[in-house]
Amino acid sequence: MTMQTDIAELSGSTVLGGALPGQALFTKLAALARSGPSIPTGWLWNMQGVEVVSPSFARESFVSIRALLRAQRSNLVPVIVNANPDVREDLALTLKTAQSAILSCTRDSEGKLNDFELIGDLDAHLQATFDLVAERGETDAKELKELTDARPGSAPIVQTAWNNRLAKLVELGALIEIPHGRSKRYRPVI
């Protein structure tokens, strides 16, 4: 399930700059998020047409709304869609400063989502974990441990480390946690 918001349309501009306009977009996004879904849902922020995003704008809008969604334990999980390379770079730098990351992808003319990537502050271990989960579709820490233990030349990683990585990716909004009896399974947001 997904929800989509056209960021250029909602902000009224293709050049997103300044703290005050960022706060105005935050207010609009917060209003849209009030009636959040009851199940985890990818909130596709369509950046088609957005030319540039300043750090102050990104901090006051995108970083702030993600913090609000986490604090409210919202089921909405933001995903950047169709951002041009300059916008992705601007967002990545702002997210690194905020010690955060967000899932980014493209949407083709048929509506299919492709080219998933986490942008922002993400170490190599988290990126590798995200890639494994995306490859498998759905998994848990035990399966990831068994998978990597079975690979020749791979250093063993304890299950607790996998649990920590998966929990961090949920916190960043890249994965969704699915209760499965006494354990948890994980899958990409979309």
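Residues numbered from 1 in each chain as written. Predicted model: local features only at pLDDT ≥ 70, side-chain atom pairs only at ≥ 80, totals over all residues. Heavy atoms only, no water.

1. Comments concerning the packing of aromatic side chains
Argument step 1. Using the criterion set out here, one finds 3 aromatic pairs in the structure.
Argument step 2. Ring centres of Trp43 and Trp45 lie 5.6 Å apart, and the angle between their planes is 75°; this geometry places the pair in the edge-to-face category.
Argument step 3. Using a relative accessible area of 0% as the deciding quantity, one classes Trp43 as buried.
Argument step 4. Against the face of Trp162 rests Arg165, its NZ or CZ located 4.9 Å from the ring centre. (Phe/Tyr/Trp six-rings, centres within 6.5 Å; stacked < 30°, edge-to-face > 60°. Buried < 20%, exposed > 50% of the residue type's maximum accessible area, 1.4 Å probe, protein only. Lys NZ or Arg CZ within 6 Å of the ring centre and 35° of its normal.)

2. What about the nonpolar core?
Nonpolar side chains in soluble globular proteins tend to end up buried together.
Argument step 1. Counting 27 residues, the largest nonpolar core has Ile7, Trp45, Met47, Val53, Phe62 and Leu91 as its most contacted members.
Argument step 2. Breaking this core down by element, the ones donating at least two residues are α1 (7-11), α2 (19-33), β3 (41-46), α3 (55-71), β5 (76-81) and α4 (85-97).
Argument step 3. No other element matches the 6 residues that α3 contributes to this core.
Argument step 4. Setting aside anything within four residues of it in sequence, one finds Leu91 in contact with Met47, Val53, Ala58, Phe62, Ile80 and Ile119.
Argument step 5. With 26 residues, the next largest nonpolar core counts Leu113, Leu126, Val133 and Trp162 among its residues. (Core = buried A, V, L, I, M, F, W, Y, C linked by side-chain atoms within 4.5 Å. Helix = DSSP H or I, 4+ residues; strand = E, 2+ residues; numbered from the N terminus. Contact = heavy atoms within 4.5 Å.)

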